[in-house]
Amino acid sequence: MTQQETFGIAAFRSRQQVMRFDSALKRAGIPSDIISTPREVSLGCGLSVQFALRDAHAVMDVYRRSRPGNLIGFYQVTREYGSRPQVIPLRE
């Protein structure tokens, strides 16, 4: 039996921007967490904001409104137990 999880992340170049964006999502009522950025996203500060894929459009709307800056990108991450995560860019 393999366990798999899929979620979205917003990767930033600055930890301060990660914290600001996470706060903006929470104020908008969108559940989010701060996680370590997968190695497959080679740039950045090492932290990203994690969110449910079903919230991706709302997350991108919050980004457009708040413009925290230093965004590397939005990505879909799929983790399967025992293997490296797959990371692909999210499109609007």
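Quick note: structure is the one above.
Fair warning: this is a prediction, and the values are worked out from it, not measured in the lab.

Definitions and cut-offs
- Residues numbered from 1 in each chain as written.
- Predicted model: local features only at pLDDT ≥ 70, side-chain atom pairs only at ≥ 80, totals over all residues.
- Heavy atoms only, no water.
- Buried < 20%, exposed > 50% of the residue type's maximum accessible area, 1.4 Å probe, protein only.
- Helix = DSSP H or I, 4+ residues; strand = E, 2+ residues; numbered from the N terminus.
- Arc of directions from axis to C-beta.
- Contact = heavy atoms within 4.5 Å.
- Salt bridge = Lys/Arg side-chain N within 4 Å of Asp/Glu carboxyl O.
- Pairing = 2+ DSSP bridges.

Chemist: Pulling in residues and values, what's your account of helix 2 (residues 56–66)?
Modeler: Buried within helix 2 are the following residues: Ala 56, Val 59, Met 60, Val 62 and Tyr 63. Looking down the long axis of helix 2, one finds its buried residues gathered within 155 degrees of arc, a one-sided arrangement. Opposite the buried face of helix 2, by more than 90 degrees, sit the exposed residues His 57 and Arg 65. Contact partners of the buried residues in helix 2: strand 1 (4–12), helix 1 (15–27), strand 3 (47–51) and strand 4 (71–80). After helix 2 finishes, the residue Arg 67 shows a positive phi value of roughly 45 degrees.

Chemist: Let's hear about the pattern of salt bridges: which residues, and what values?
Modeler: Within the structure shown, the criterion is met by four salt bridges. The residue Asp 22 makes a salt bridge to Lys 26 at a minimum N-O spacing of 3.1 Å. One end of the pair is Asp 22 and the other is Lys 26, both in helix 1 and four residues apart, which spans about a single turn. Put simply, Asp 61 and Arg 64 hold a salt bridge, and the shortest N to O gap is 2.3 Å. Taken as a pair, Asp 61 and Arg 64 lie in helix 2 at a separation of three residues, close to a single helical turn. Taking the relative accessible area as the measure of exposure, Asp 61 reaches 33% and is therefore partly exposed. For Arg 64, a relative accessible area of 37% puts it in the partly exposed group.

Chemist: Help me get a handle on the pairing of strand 4, residues and values and all.
Modeler: Looking down a regular strand, the side chains alternate between one sheet face and the other. Taken together, the nine bridges between strand 1 and strand 4 define a ladder with antiparallel strand orientation. Directly across from Phe 7, in strand 4, lies its bridge partner Val 77. Looking at chain direction, strand 4 and strand 5 (residues 86–89) are connected through four bridges and run antiparallel. Note on strand 5: the bridge partner recorded for Tyr 75 is Pro 89. In sequence, strand 4 turns back onto strand 5 through a hairpin of five residues, with Gly 82 there showing a positive phi of about 85 degrees.

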